[in-house]
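Residues per chain, in single letters:
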Amino acid sequence: MKKKKLAGIILSLSLGMGVLAGCGGEKSGGGEKGDTIKIGANLELTGGGASYGQSIVEGMDLALEEINKEGVGGKKLKIVKYDNKSDAAEATTGAIKLASQDKVDVMIGAATSTNTLAQVQVANDNKVPLITPTGTNETITSKDGKVNEYVFRTCFIDPFQGTVAANFAQQELGAKTAAIYVDSSSDYSKGLAAAFKDAFTKAGGQIVAEEAFLQKDTDFQSTLTRIKKANPDFVFVPAFYEEVGLILKQARESGIDVPVMGGDGWDSPKLIEIAGKEALNNTFITNHYSAGDPDKKIQDFVSAFKKKYKDKSPDAFAALGYDTAYFIADSIKRAGDDATPEKIKDALASTKDLQLVSGNLTIDENHNPVKSAAILKYENGEQVFETKVNP
Amino acid sequence: MEFIQQLVNGISLGSIYALIALGYTMVYGIVKLINFAHGDVFMVGAFIGFYAITFMELSFFPALLLAMVACAIFGVLIERIAYKPLRNATRIAALITAIGVSLLIENGMIQIRGAQPEAYPNNVLPADSIDIFGVTIKSQSLMILGVSLFLMIVLQFVVHKTKIGRAMRAVSFDADAAKLMGISVNNTISATFAIGSALAGAAGVIFGTYYTKIEPLMGVMPGLKAFVAAVLGGIGIIPGAMVGGLLLGVVEGLVSASGLSLWRDAAAFVVLILILIFMPQGLFGKNRREKV
C-alpha cells in the first residue's frame, strides 16, 4: 500500500513538474512577450453607445498604426478588444477577463462614464492602469478626496463642461432662466446637470424647470409640454445622442424654439439623422475638439483619418481614442525598457505638456487632464467651430 | 389648456399601444397563447419598412404594405416552427417558448445588423401641426389614431362577419369540436397569426415614421405595454385592446405631466397589477368561469 502511495506521489509530482517545465519552455522559447506590450480595450462596440465606441476604436487603430511603424523603445503595441455591449455588467466582466486572463499591461475603456465606473474596482484590485478616453464623470478618477491610483482619463471632467455651458448660456446667449432635462439613468448626465445648475445659479441665473427621463424612452411630449409652460430662455439637455435626437425633434414640434445645449454626448452623426437638420438649428455643444479648428496638429490628424476611413470626418471620440493611444505610448517610453503596469502608472501620472490633438495635456494630482474645451454650433446639420475655452 | 394638451399627448402615445395591442389580443383570443414575440415582430416590421423606404425608395403606403405582408409570412413561420409542435402541450410550455422566440428574434437581429439605432427619414409623411385654442395636435398622431380605429373595425368585421372569422371563433371555443365539424384548425390558426403579425408590422412602420428612431430592442417595452393594454381592456376582446391602449397612454401622459416622468413605466405596471387584482376579466370582459 505505502509503496503504491509513494509511487503515486512521485508520479503526480513529476507530471506536475513536466507541466511547469512545459510552461517555462514555452515562455523562453517564444520570446515574443518581451517585444510586445499588450493593451486591452473594453468599449461600447454595440448597443446604445456603439457610435462612441466605434469612433474611439477607429482613432485608436489609426494611432497604433502610426506608433507601430517605429515601435516604442523597440516594442510593438498589440491590442486586445472586448465589446461591453454598452452594459455596465458586461464592462466589469470584460475588465476582469483583460486583467486576469489576457494579462494586459494597460486597459482602455470605456466610452461612457457609467461603464467606466464599472471597471474602476477591477483596475485598482489587479493593479492594471485603466484609461478612459471619454468618461467625463468626476468620480471616475477620484471620489471623496481619494484618488483611484490606477485610473486615468484623456478628456476633461463634467464640472468643467457644465460650467463652460452655463457661462456660455449667460454671457453669449444672454439667458436669465434655464430648464434642465436630465437622463436620470446616466451618471454622466447627472454630473453635468449638477455642475451646470451650480454655475448658472451662482452667476445669478434661475432654473425654472428640472425634468428627468430614462434611457430608451421614446415619448417625451408630456414632459416637454411642462418645460414649455415654464417658458425658459435656454434648455440644457446633457444626455446621449439617441434620446437627445428624439427630444430635440419633439421639442421643436411642440413649439420650444429657444437655444438648446448639451455636452460631448451629443457628438454623433446619428444625432443629425434622428433629430433632423432643422430641429438642430440654434443648438450648441461643449466638446473636446473641433475638426474645423485651424490648428496644424488637428488638421494633420483630420487628413490622416480621412485617408484611412474613406473621407469620414473624425468626431471628438475618434480624436480622444487617437490621443489615448499616444498618451499610453508616451508613458511606456518614459517608463523604460521593462515597463511593468506599475511603472506605466507612475509615468501616466507624471505626464506634463504632452501635445495631443485634443489639446495640451498635463495630468493633475487627481489624475485629470487640464485642457481646453471647444464650443460648437449646429448649422444645417453641420458642426461649426464657435470658440475655444480654457480652464 | 395644459391639461387638454397633456390629454392629447397621452392619446397619441396610447394609439401606438392600441395598434400593437390589437394583434396581440387577437392571437390570444383565438389561440389562447400570450405571444411574447409580438413586440419583436413589430420591431422586424419597423426595419422592413425602413429598408423599403431607404433602399428600395418606396413611399409610405407601399412600404407599409410590404412590411405587413412580410410580417404576416414571418408570423406564420414562427407559428409553424415554434408553436405548432406544442399545440397540445401545457399553456406554460407555450408561454416559455414564446419568450424564447422573442429573445431569438431580438438577438438574431443584433447578430445580423448590429445593435446601433437607425433613423427613419424625416420626409416620409408630412408632419404638420394643427393648433386649436393653444392645443397642438400633430397630423401624424391623428393619422395613427385613425389607422388604429380603422383596423379595429376591420378586425371586428373579419372576426364576426366572415367565414374565416367564424372558423376562428369556433376554434377558439373548442378546437376538437371545430375539427369534427370540418374546420381546418391549422389553417385557421395560421390565418390568425398572419393577421396578427401583419398588424404588428404595420404598427412598426407607423412607430418608425412617428418616433424616427428604431433599434433591435425597440419591441420589448411596447410589447409589454401592449400586453398591459390588452389585459386592461379584457384580453382577447378587440375593442377592449383599443380602449386599453388609449387609457394606458393617457395614464402615462398624466403621470409625466404631474412631474413624475420617471414613474411612467412603473405606473403602467401598477395599472396591470390593479386590474389583475380587482377586475381580472378586464374592463370589457364578462365575468365567466373558465371551462375546466
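Please refer to the structure higher up on the page.
First, a word on scope: everything that follows refers to the structure included in this document. (Residues numbered from 1 in each chain as written. Chains lettered and ligands numbered in written order. Predicted model: local features only at pLDDT ≥ 70, side-chain atom pairs only at ≥ 80, totals over all residues. Heavy atoms only, no water.)

### Things to note about the overall build of chain B
Secondary structure assignment for chain B yields 11 helices and 4 strands. For chain B, whose C-alpha radius of gyration is 19 Å, the value lies close to the compact-globule estimate of 19 Å for 292 residues. Seen along its three principal axes, the alpha-carbon backbone of chain B occupies a region of about 60 × 45 × 35 Å. Residue burial in chain B is summarised as follows: out of 292 residues, 52% are buried. Counting only contacts in chain B whose residues sit at least 6 apart along the sequence, the fraction spanning at least 24 positions is 76%. Carbon and sulfur atoms form 70% of the exposed surface of chain B, whose accessible area is close to 13300 Å². In chain B, 19 side chains carry a positive charge and 14 a negative one; their mean positions are 15 Å apart. (Helix = DSSP H or I, 4+ residues; strand = E, 2+ residues; numbered from the N terminus. Rg over C-alpha atoms; globule rule 2.2 N^0.38 Å. Buried < 20%, exposed > 50% of the residue type's maximum accessible area, 1.4 Å probe, protein only. Contact = heavy atoms within 4.5 Å. Areas by Shrake-Rupley, 256 points an atom, 1.4 Å probe, with all protein chains shown as cover. Lys, Arg positive; Asp, Glu negative; His and termini not counted. Charge placed at Lys NZ, Arg CZ, Asp CG, Glu CD.)

### Examining the overall build of chain A
Counting its secondary structure elements, chain A contains 13 helices and 17 strands. Compactness check: chain A gives a C-alpha radius of gyration of 24 Å against a globular reference of 21 Å for 391 residues, within 12% of the reference. Taking the principal axes of its C-alpha atoms as reference, chain A extends roughly 90 × 50 × 40 Å. A buried classification covers 54% of the 391 residues belonging to chain A. A separation of at least 24 residues holds for 68% of the contacts in chain A among residues at least 6 apart in sequence. When the accessible surface of chain A is split by element, carbon and sulfur atoms take 53% of a total near 16500 Å².

### Some points on the environment of Tyr188(A)
Residue and element names in this part refer to chain A. For Tyr 188, the location among the structural elements is in helix H6 (residues 187–202). Judged by relative accessible area, Tyr 188 falls into the buried class, the value being 3%. Residues Tyr 188 and Asp 158, 30 residues apart in the sequence, show an inter-C-alpha distance of 7.4 Å. With residues near it in sequence (within four places) discarded, Tyr 188 still touches Ser 113, Thr 136, Asn 137, Asp 158, Gln 161, Pro 238, Ala 239, Phe 240, Gly 263, Asp 264 and Gly 265. Engagement of the side chain of Tyr 188 in a polar contact is seen with the backbone nitrogen of Gly 265, the distance being 2.9 Å. (Polar contact = N/O pair within 3.5 Å; in protein donor to acceptor, adjacent residues only side chain to side chain.)

### Some thoughts on H6(A)
All names here are of chain A. With 16 residues, H6 ought to run about 22 Å at 1.5 Å a step, and its terminal C-alpha atoms sit 23 Å apart, in line with that. Considered for burial, the residues of H6 that qualify are Tyr 188, Ser 189, Leu 192, Ala 193, Ala 195, Phe 196, Ala 199 and Phe 200. The buried residues of H6 all sit within an arc of 165° when viewed along its axis, so they share a single face. Elements in contact with the buried residues of H6: helix H4 (113–126), helix H5 (158–171), strand S8 (177–183), strand S9 (206–213) and strand S10 (234–236). A side-chain oxygen of the first residue of H6 lies 3.2 Å from the backbone nitrogen of Tyr 188; this N-cap is Ser 186. Two residues or fewer after H6 comes Gly 204, characterised by a positive phi angle close to 95°. (Expected span 1.5 Å × (residues − 1). Arc of directions from axis to C-beta.)

### A word on the sheet that holds strand S13 (residues 354–356) of chain A
All names here are of chain A. If you trace the 3 strands from one edge of the open sheet to the other, you get S13-S14-S15, paired in antiparallel fashion. With partners counted over all chains shown, the strands left at the sheet margins are S13 and strand S15 (369–370), one partner each. With 3 bridges connecting them, S13 and strand S14 (residues 359–363) associate as antiparallel partners. When the bridges of S14 are listed, Leu 354 appears paired with Leu 361. (Pairing = 2+ DSSP bridges.)

### What to know about the pattern of salt bridges
In this structure the tally under the stated criterion is 26 salt bridges over all chains. For the salt bridge of Glu210(A) with Lys197(A), the shortest nitrogen-to-oxygen distance reads 3.1 Å. Taken together, the positions of Glu210(A) in strand S9 and Lys197(A) in helix H6 put the pair 13 residues apart, joining distant regions of the chain. Its relative accessible area of 33% is what places Lys197(A) among the partly exposed residues. Notably, a salt bridge pairs Glu252(B) with Lys225(B), separated by 3.1 Å at the nearest N-O pair. In this pair, Glu252(B) sits in helix H10 (residues 238–257) while Lys225(B) sits in helix H9 (residues 220–233), placing the two residues 27 residues apart along the sequence. A residue is classified by how much of its surface remains accessible, and Glu252(B), at 0% relative accessible area, is buried. Members of the salt-bridge network, linked through shared partners, are Glu149(A), Glu342(A), Lys345(A) and Asp346(A). (Salt bridge = Lys/Arg side-chain N within 4 Å of Asp/Glu carboxyl O.)

### Here's the deal with the packing of aromatic side chains
Residue and element names in this part refer to chain A. Using the criterion set out here, one finds 28 aromatic pairs over all chains in the structure. Both rings, one in Tyr 52 and one in Tyr 241, keep their centres 5.2 Å apart while their planes meet at 90°; by these two values the pair is edge-to-face. With a gap of 189 residues between them, Tyr 52 in helix H2 (residues 50–70) and Tyr 241 in helix H8 (residues 241–253) connect regions that are remote in the sequence. You can call Tyr 52 buried: its relative accessible area is 2%. (Phe/Tyr/Trp six-rings, centres within 6.5 Å; stacked < 30°, edge-to-face > 60°.)

### A few points about the interface of chain B and chain A
Much of the literature gives interface size as the accessible area that the parts lose upon coming together. In this assembly, 30 residues from chain B lie in contact with 30 residues from chain A. Contact with chain A buries area across many residues of chain B, yet Tyr211(B), Lys213(B) and Leu262(B) alone supply 22% of it, more than any other trio. There are 12 residue pairs in polar contact (both at pLDDT 80 or more) connecting chain B and chain A. In terms of residue count, helix H1 (residues 2–31) of chain B provides more of the side of chain B that touches chain A than any other element does, 6 residues in total. Classifying every residue of the side of chain B that touches chain A gives 9 nonpolar, 15 polar and 6 charged. (Buried area = accessible area lost by both parts, 1.4 Å probe. Nonpolar A, V, L, I, M, F, W, Y, C, P; charged D, E, K, R; others polar.)

### Describing the side chain of His288(A)
Residues and elements named next belong to chain A. Topologically, His 288 is positioned in the loop between strand S12 (283–287) and helix H11 (296–308). Given a relative accessible area of 3%, His 288 falls into the buried group. Side chain to side chain, His 288 and Asp 264 meet in a polar contact 2.7 Å long. Setting aside residues up to four positions removed in sequence, His 288 forms contacts with Thr 136, Cys 155, Phe 156, Asp 264, Ala 316, Leu 320, Ser 358 and Ser 372.

### Description of the sheet that holds S10(A)
Residue and element names in this part refer to chain A. Across the sheet, 7 strands lie side by side as S9-S8-S10-S11-S12-S16-S17; this open sheet has mixed pairing. Looking at the sheet topology across the chains shown, the edges are occupied by S9 and strand S17 (382–389). Between one strand axis and the next, the sheet turns by 25° as a mean value, whatever way the strands run. With 7 bridges joining them, strand S16 (residues 373–379) and S17 adopt antiparallel strand pairing. Looking at the pairing, Lys 377 lines up with Val 384 of S17. (Axes fitted to C-alpha atoms, helices over the stretch in contact; angles between N-to-C directions.)

### Brief notes about the packing of H1(B) against helix H8 (residues 185–211) of chain B
Residue and element names in this part refer to chain B. In the contact formed by H1 and H8, the axes pass within 9 Å of each other and the chain directions differ by 170°. As judged from the angle between their axes, H1 and H8 are roughly antiparallel. The segment H1 lies against H8, with Ser 12, Leu 13, Ile 16, Leu 19, Ile 20, Leu 22, Gly 23, Met 26, Val 27, Ile 30 and Val 31 engaging Ile 189, Thr 192, Phe 193, Ile 195, Gly 196, Leu 199, Ala 203, Ile 206, Phe 207, Tyr 210 and Tyr 211. (Parallel < 35°, antiparallel > 145°, perpendicular 65-115°, else oblique.)

### Overview of the layout of surface pockets
There is about 1100 Å³ of room inside the second largest pocket. Forming the walls of the second largest pocket are 49 residues, and the residues nearest its centre are Gln215(A), Lys216(A), Glu243(A), Glu215(B) and Leu217(B). The biggest single contributor to the lining of the second largest pocket is helix H4 (residues 91–113) of chain B, with 5 residues. For the lining of the second largest pocket, the residue count by class is 20 nonpolar, 13 polar and 16 charged. (1 Å grid on protein atoms, 1.4 Å probe; cavity = no way out; pocket = protein on both sides within 12 Å on 5 of 7 lines; lining within 4 Å. Points joined across faces, edges and corners; volume = space filled by probe spheres on them.)

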